[in-house]
Amino acid sequence: MKTIRYIFLSLLIICIGSLSVVIYQVDNEKRKIKEDLIELSNIKYGLFNVDEWKKVLATILSKKIEEFELKGGDRKDMKNKVSNFLNKVIADFEERYYVQNSGSIGGIFKSIGAKTFNIFGELKNNVPKFTQEILNFLNDPKNKKVLKSYLTSKLNEYADNTFAKMDYSVHDSIISKYKIGDRAETISSLNTTLDELQNKVNNYKYLLIVFSLLTAAYILILKELNKTEVFLLTGISFLFLITGLTLPMIEIDARVSEIKISLLGEYINFEDQVLYYKSKSIIEVIRLMLTQSGFDLLLVGCLVFVFSVLFPISKLITSLLLVSKPNLRSNKLVYFLVYKTGKWSMADVMVVAIFMAYVGFSGILSEQLNQIEHLSTKIDVFTTNKSSLQTGFFAFTSFALLSLLTTNKLQASLAVKLTINKG
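Every chain is numbered independently, its residues counted from 1 as its sequence is written. Local features are withheld for residues below a pLDDT of 70 in this predicted model, meaning they are given only at 70 or higher, and side-chain atom pairs are given and counted only at 80 or more; totals for whole chains, interfaces and linings count all residues. Side-chain numbers here rest on the full set of heavy atoms in the structure, without hydrogens or water.

1. Some words on the packing of aromatic side chains
Thinking step 1. For Phe, Tyr and Trp, where Trp contributes only its six-membered ring, two rings pair if their centres lie within 6.5 Å, and the inter-plane angle classes them as stacked under 30 degrees, edge-to-face over 60, or tilted in between. Evaluated as defined, the whole model comprises 4 aromatic pairs.
Thinking step 2. Each ring, one from Tyr45 and one from Tyr168, has its centre 6.0 Å from the other, and the planes form 25°; the classification is stacked. Taken together, the residues Tyr45 in the loop between helix 1 (2-40) and helix 2 (50-67) and Tyr168 in the loop between helix 7 (141-162) and helix 8 (169-178) connect sequence positions 123 residues apart.
Thinking step 3. Burial classes follow relative accessibility: with a 1.4 Å probe on protein chains only, a residue under 20% of its type's maximum area counts as buried, one over 50% as exposed, and anything between as partly exposed. Tyr45 gets classed as buried once you look at its relative accessible area, which sits at 2%.
Thinking step 4. What makes Tyr168 partly exposed here is its relative accessible area of 23%. Secondary structure elements are taken from DSSP: a helix is a run of H or I of four residues or more, a strand is a run of E of two residues or more, and numbering for both begins at the N terminus.

2. A look at the nonpolar core
Thinking step 1. Among buried residues, those of type Ala, Val, Leu, Ile, Met, Phe, Trp, Tyr and Cys that are joined through side-chain atoms within 4.5 Å constitute a nonpolar core. Counting residues in each nonpolar core, the largest one holds 36 residues, and the members touching the most others are Leu9, Leu208, Leu233, Ile236, Phe240 and Phe396.
Thinking step 2. Looking at this core, the elements that each hand over two or more residues are helix 1, helix 9 (183-221), helix 10 (227-246), strand 1 (250-263), helix 11 (282-290), helix 12 (295-324) and helix 15 (391-422).
Thinking step 3. Grouped together as the second largest cluster of nonpolar side chains are 11 residues, Ile33, Ile174, Leu197 and Val201 included.

3. Some points on unusual backbone geometry
Thinking step 1. For Lys179, which is not glycine, the phi dihedral falls at a positive 50°.
Thinking step 2. Topologically, Lys179 is positioned in the loop between helix 8 and helix 9.

4. Side note on the packing of helix 9 against helix 10
Thinking step 1. Here, axes are lines fitted to C-alpha atoms. For helices the fit covers the stretch in contact, and angles between N-to-C directions go from 0 to 180 degrees. Where helix 9 contacts helix 10, the two axes come as close as 12 Å, and the packing angle between them is 150°. The orientation of helix 9 relative to helix 10 falls into the category roughly antiparallel. In this structure, the crossing between helix 9 and helix 10 has a hand that is left-handed. For the pair formed by helix 9 and helix 10, the contact residues are Leu208, Ser212, Thr215, Tyr218 and Ile219 on the first element and Glu229, Leu233, Ile236, Phe240 and Thr243 on the second. With respect to orientation, any angle under 35 degrees is reported as roughly parallel, any angle over 145 as roughly antiparallel, any angle of 65 to 115 as roughly perpendicular, and every other angle as oblique. The sense of a crossing depends on the near helix, which, turned anticlockwise from the far helix by less than a right angle, makes the crossing left-handed and, turned clockwise, makes it right-handed. Contact definition: two residues touch when any of their heavy atoms are within 4.5 Å.

5. A closer look at the pairing of strand 1
Thinking step 1. Here, a strand pair is defined by DSSP locating no fewer than two bridges between the strands. In this sheet, strand 2 (residues 266-280) lies alongside strand 1 in antiparallel orientation, the contact comprising 13 bridges. Note that in strand 2 the partner of Lys260 across the bridge is Asn269.
Thinking step 2. Both strand 1 and strand 4 (residues 388-389) contribute to a ladder of 2 bridges, which runs antiparallel. Each bridged residue has a counterpart across the sheet, and for Glu251 the counterpart in strand 4 is Ser388.

6. Some thoughts on the side chain of Glu229
Thinking step 1. Mapped onto the secondary structure, Glu229 falls in helix 10.
Thinking step 2. Residues contacting Glu229, with those up to four places away along its chain left out, are Arg5, Tyr6, Leu9, Tyr218, Leu222 and Glu224.

7. Here we look at the pattern of salt bridges
Thinking step 1. Salt bridges are identified by distance alone: a Lys or Arg side-chain nitrogen within 4 Å of an Asp or Glu carboxyl oxygen. For the structure on display, the rule yields 11 salt bridges.
Thinking step 2. Here Glu52 ties to Lys55 by a salt bridge, and the two come within 4.0 Å at their closest N and O atoms. Here the residue Glu52 and the residue Lys55 both occupy positions in helix 2, the gap between them amounting to 3 residues, near one helical turn.
Thinking step 3. Here Lys55 falls in the exposed class, since its relative accessible area comes to 54%.
Thinking step 4. Taken together, the salt bridges that share partners define one network made up of Lys34, Glu251 and Asp253.

8. Notes on helix 10
Thinking step 1. The length a helix should cover is 1.5 Å for every residue beyond the first. For helix 10, which comprises 20 residues, the first-to-last C-alpha distance of 29 Å matches the rise-based estimate of 28 Å (1.5 Å per residue) to within 8%.
Thinking step 2. Every buried residue belonging to helix 10 is among Glu229, Val230, Leu232, Leu233, Thr234, Ile236, Ser237, Phe240, Leu241, Thr243, Gly244 and Leu245, and all of these are buried.
Thinking step 3. Polar contacts, as used here, are pairs of N or O atoms within 3.5 Å; protein pairs need one atom able to donate a hydrogen and one able to accept it. Residues neighboring in sequence count only if both atoms are side-chain atoms. The distance from a side-chain oxygen at the start of helix 10 to the backbone nitrogen of Thr228 is 3.2 Å, and the residue carrying that oxygen is Asn226.

9. With respect to a nonpolar patch on the surface
Thinking step 1. Residues with no salt bridge and a relative accessible area higher than 30% make up the patches, which join like charges within 9 Å and nonpolar side chains (Val, Leu, Ile, Met, Phe, Trp, Tyr) within 5 Å. Surface accessibility in these figures is a Shrake-Rupley result with a 1.4 Å probe; residues are shielded only by whichever protein chains are displayed. There is a patch of nonpolar side chains on the surface, built from Leu290, Phe295, Leu298, Leu299 and Leu303 and spanning about 460 Å² of accessible area.
Thinking step 2. With respect to the helices, strands and loops of the structure, Phe295 is situated in helix 12.

10. Some words on helix 8
Thinking step 1. Within the sequence span of helix 8, burial applies to His171, Ile174 and Ile175. Down the axis of helix 8, the buried set is contained in an arc of 100°. They therefore lie on one face.
Thinking step 2. As for helix 8, its buried residues are in contact with helix 1 and helix 9.
Thinking step 3. Backbone geometry just after helix 8 places Lys179 at a positive phi near 50°. Picture the helix axis, draw a direction to every C-beta atom, and the arc is the one those directions span.

Below, the structure is given as structure tokens:
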């Protein structure tokens, strides 16, 4: 019977170890692609990018100029407006002309000449001709092309003189690395690849949870643990701990899924604009804090390392020593590390804290994103919060659970043996 149990635990170690390696490899590949995709989808290259707005506005201006054509009722209406405008301009100029030339002898002769030759009357008589020529000018395709070129150049000139230039070095390096096509094509291809990798990670994650539950059930079923079982179960807990420490626990991802803006009767559409993204494992967070110059960050990094890495590993090692050498039961340090470090390592507290942080971040982001959606009735904004718990969280949770169960069962087993020996 013991042999079957040993084989079962050995198979669990092999399966969990192999699965952890595969998950780490696939998750790392997924993270690299996700980081590149996040960079390309960053809002600084879309909604907040002046170059994108230059293209959009140039397209709208070009379209409006092409659509501008005076026919039928539109032409008649425009003809009346241009005619009235020209008549008003001529009348205003005639009035100013006579006023300016009324204060001198030369000016008086100019006024008499203008009236004698009916200069302003001739101008007014030619208003219909002038109007017709203006309308023909506006309808000429060649003139439309010149107008489009002029407006586009002025738009680009204004934008270049007003806004800072965008740094595309990282953007271009990513496009060059994948060699798929332009930005839109690269994003589409990376999204497809990322979905495939995410499906793999999810399947592996569920399988890891199944192995964790099988191990927990095994510990609960047995009344006591022998030396070999403690070694094997400690090995399983260690695998879950390493997996939980090296894989990301939380992924914070806030983005605008779609934003539509109406301008000159045309809709400007931006999709999948990333506002904020962060995904790191505990080891990466510790490394980041320890490499910072601030004393407070260094202190927090040391505390996180001690409570989330040093204490759990020390507890696993001393558990093996305690089983191997029963005489160490009287050693206060060993007793402390095996039975008392649970509340010091705070593995269960860390799991709860991580989960609460996820819930908190998710709630804050959702609330802030909802506020963006109500900024204006003329802008349609659809936001999304893609924050999620990652594989590292479930692996670390499994370690906390299995470590607790193993320690309690080991303590009960040693107490039984101690009672028998006294008897």
